[in-house]
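Chain residues, written in single-letter form:
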Amino acid sequence: MGAMLLSPAAAGTGLTGRAAEAVAELGDRAVLCDLYDEAGAPVYHDIAGTTPHEVRELLSTLRRIPGPVLDLAAGSGRLTFPFLALGREVTALELSGHMIGLLRERLAATPASLRGRCTPVQADMSDFSLGRRFGAVVLGTTSISLLPPEARPGLYRCVREHLAPGGRFLLTTVEVDAADDGSDESEILAPGEITGRSYRMIEQWTSGNSSRTVTVIPADPPAEGPVHVATTTIGVMPAPLLVAELEAAGFAIRSTTPIPGGGRHHDVLLEAEAL
Ligand SMILES: C[S@@+](CC[C@H](N)C(=O)[O-])C[C@H]1O[C@@H](n2cnc3c(N)ncnc32)[C@H](O)[C@@H]1O
């Protein structure tokens, strides 16, 4: 999705609540973009490192699973680089040319000892064929929720075809609190690790709904000129639904680990093995 100019009233943006208010305040300076497009990818990359719990959990699980790692929906490499630092050979698969471009830039600035063990691949995680198998296939950052239901069987089939015998599919998703059916709007201040800027990260989610919207706006926009408002709408994939789909696709769940942190709704790490 390309960047587009917004009317001062933020009409037609689909944004509500605080995100719509922030856009209305910016008026015609607001430029809406997708969080993974040319304008949004650097913003995502700037704030992506701010959630350390999942990385820690994935690393401690990977330590007991030998072999090369396939990092699906790798983005700019938030998980790829820690996996490389573990000493693994890592294939980083990513659909967006902008995101994989950032990953390649980061690799170019990395010591050859790490860079030499990484293979970036631009492909769709629901339809890929790499002609080799991996000890672990990782789909982190709750990115399973980016795939529509009709694309998920393709993902499960591709993962099966790329797992070595005894290999593991590690994926994170949202643990939805069934008792919680209220409207949810939360906001955190996210530090930009590269630029040093701060961003307002607004998440809007009604628990009964099947999606949530994340909007990222500079906390201290410059006094004049355009201001990028990066937004993405992500499907919500509750853990029990994901477990049922994995089992129907021929996987057995070997472990389930809650991931601490991350606000009101926490994430969960599933470890699955193809039967
Ligand atoms: C939430 S980001 C996670 C990136 C990275 N794993 C991280 O932790 O920062 C999700 C990524 O999935 C990518 N993506 C979306 N749909 C995809 C697909 N069908 N195949 C591969 N990547 C996809 C997006 O371009 C984006 O970079």
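The shown structure was predicted, so the numbers you read here are calculated from the model rather than taken from an experiment. (Residues numbered from 1 in each chain as written. Predicted model: local features only at pLDDT ≥ 70, side-chain atom pairs only at ≥ 80, totals over all residues. Heavy atoms only, no water.)

Asks: Is there a simple way to explain the side chain of Thr 61 in this structure?
Replies: Structurally, Thr 61 can be placed in helix H3 (residues 52–62). Among the polar contacts made by the side chain of Thr 61, one reaches the main-chain carbonyl oxygen of Glu 57 at a distance of 2.9 Å. Setting aside anything within four residues of it in sequence, one finds Thr 61 in contact with Leu 170, Leu 269 and Glu 271. (Helix = DSSP H or I, 4+ residues; strand = E, 2+ residues; numbered from the N terminus. Polar contact = N/O pair within 3.5 Å; in protein donor to acceptor, adjacent residues only side chain to side chain. Contact = heavy atoms within 4.5 Å.)

Asks: Any chance you could explain the site of the ligand here in plain terms?
Replies: Residues in close proximity to the ligand total 18 residues, the closest being Tyr 44, Arg 78, Glu 94, Met 125 and Thr 141. For the ligand, a nitrogen atom lies 3.3 Å from a polar atom in the backbone of Leu 95. For the ligand, an oxygen atom lies 2.7 Å from a polar atom in the side chain of Thr 141. Here the ligand, which alone exposes 590 Å², has 92% of that area covered by the protein. A breakdown of the residues in the shell around the ligand according to their chemical character gives 11 nonpolar, 4 polar and 3 charged. (Near = heavy atom within 4 Å. Areas by Shrake-Rupley, 256 points an atom, 1.4 Å probe, with all protein chains shown as cover. Nonpolar A, V, L, I, M, F, W, Y, C, P; charged D, E, K, R; others polar.)

Asks: Can you walk me through the layout of surface pockets in this structure?
Replies: Empty space among the atoms becomes visible once a probe the size of a water molecule is rolled across them. In this model, the second largest pocket occupies a volume close to 260 Å³. Along the wall of the second largest pocket there are 16 residues; nearest its centre are Val 43, Arg 197, Tyr 199, Pro 218 and His 228. The set of elements that each furnish at least two residues to the lining of the second largest pocket consists of helix H2 (40–47), strand E10 (211–218) and strand E11 (227–235). No other element matches H2, which puts 4 residues into the lining of the second largest pocket. Residues that form the lining of the second largest pocket fall into these classes: 11 nonpolar, 3 polar and 2 charged. (1 Å grid on protein atoms, 1.4 Å probe; cavity = no way out; pocket = protein on both sides within 12 Å on 5 of 7 lines; lining within 4 Å. Points joined across faces, edges and corners; volume = space filled by probe spheres on them.)

Asks: Mind showing me how you'd approach the pattern of salt bridges here?
Replies: Opposite charge on two side chains permits pairing when their charged atoms draw close. Counting across every chain of the model gives 11 salt bridges. For Arg 168, the salt bridge identified is with Glu 271, shortest N-O distance 2.8 Å. Separated by 103 residues along the polypeptide, Arg 168 in strand E7 (residues 163–174) and Glu 271 in strand E13 (residues 267–274) bring together distant segments of the chain. The exposure class of Arg 168 is buried, given its relative accessible area of 17%. Using a relative accessible area of 3% as the deciding quantity, one classes Glu 271 as buried. (Salt bridge = Lys/Arg side-chain N within 4 Å of Asp/Glu carboxyl O. Buried < 20%, exposed > 50% of the residue type's maximum accessible area, 1.4 Å probe, protein only.)

Asks: How do you make sense of helix H5 (residues 97–108) when you look at a structure like this?
Replies: Note: α-helices contain 3.6 residues per turn, so residues at a spacing of three or four share the same orientation. Between its first and last C-alpha atoms H5 spans 16 Å; for 12 residues at 1.5 Å apiece the expected length is 16 Å, and the two agree. Turning to H5, its buried residues are Met 99, Ile 100, Leu 102, Leu 103 and Leu 107. With its buried residues spanning 150° around the axis, H5 presents them on a single face. Of the exposed residues in H5, those oriented more than 90 degrees away from the buried face are Glu 105 and Ala 108. Each element contacted by the buried residues of H5 is listed here: H2, helix H4 (80–85), strand E4 (90–94), helix H6 (112–115) and strand E5 (118–122). (Expected span 1.5 Å × (residues − 1). Arc of directions from axis to C-beta.)

Asks: Quick question: what am I supposed to make of the nonpolar core here?
Replies: One broad rule of soluble globular proteins: the nonpolar side chains tend to lie buried together. Counting residues in each nonpolar core, the largest one holds 26 residues, and the members touching the most others are Leu 72, Leu 155, Tyr 156, Phe 169 and Leu 246. Elements with a contribution of two residues or more to this core: strand E3 (69–72), strand E6 (134–139), helix H7 (152–162), E7, helix H8 (239–248) and E13. Sort the elements by how many residues they give to this core and H7 lands first, with 4 residues. Aside from chain neighbours lying at most four places away, what touches Phe 169 is Val 137, Leu 139, Leu 155, Tyr 156, Val 159, Leu 163, Leu 246, Phe 251, Leu 270, Glu 271 and Ala 272. (Core = buried A, V, L, I, M, F, W, Y, C linked by side-chain atoms within 4.5 Å.)

Asks: Whenever I open this one, helix H1 (residues 17–26) confuses me. Can you help?
Replies: Among all positions in H1, only Ala 19, Ala 20, Ala 22, Val 23 and Leu 26 are buried. Each buried residue of H1 lies within a common arc of 160° when the element is viewed along its axis, so the set occupies one face. For H1, exposure combined with an orientation more than 90 degrees from the buried face picks out Glu 21 and Glu 25. Positive backbone phi, approximately 60°, marks Gly 27, located one or two places after H1.

Asks: Got a minute to help me understand the packing of aromatic side chains in this structure?
Replies: Given two aromatic rings, their pairing is described by the distance between the two centres and the angle made by the two planes. One pass over the full model with this rule turns up 2 aromatic pairs. Look at Tyr 36 and Tyr 44: their rings are 5.5 Å apart centre to centre, the planes differ by 65°, and that puts the pair in the edge-to-face class. The exposure class assigned to Tyr 44 is buried, which follows from its relative accessible area of 17%. Both rings, one in Phe 169 and one in Phe 251, keep their centres 5.7 Å apart while their planes meet at 45°; by these two values the pair is tilted. Of the two residues, Phe 169 is situated in strand E7 and Phe 251 in strand E12 (residues 251–259); the sequence distance between them amounts to 82 residues. Pair check on accessibility: Phe 169 and Phe 251 agree, each one buried. (Phe/Tyr/Trp six-rings, centres within 6.5 Å; stacked < 30°, edge-to-face > 60°.)

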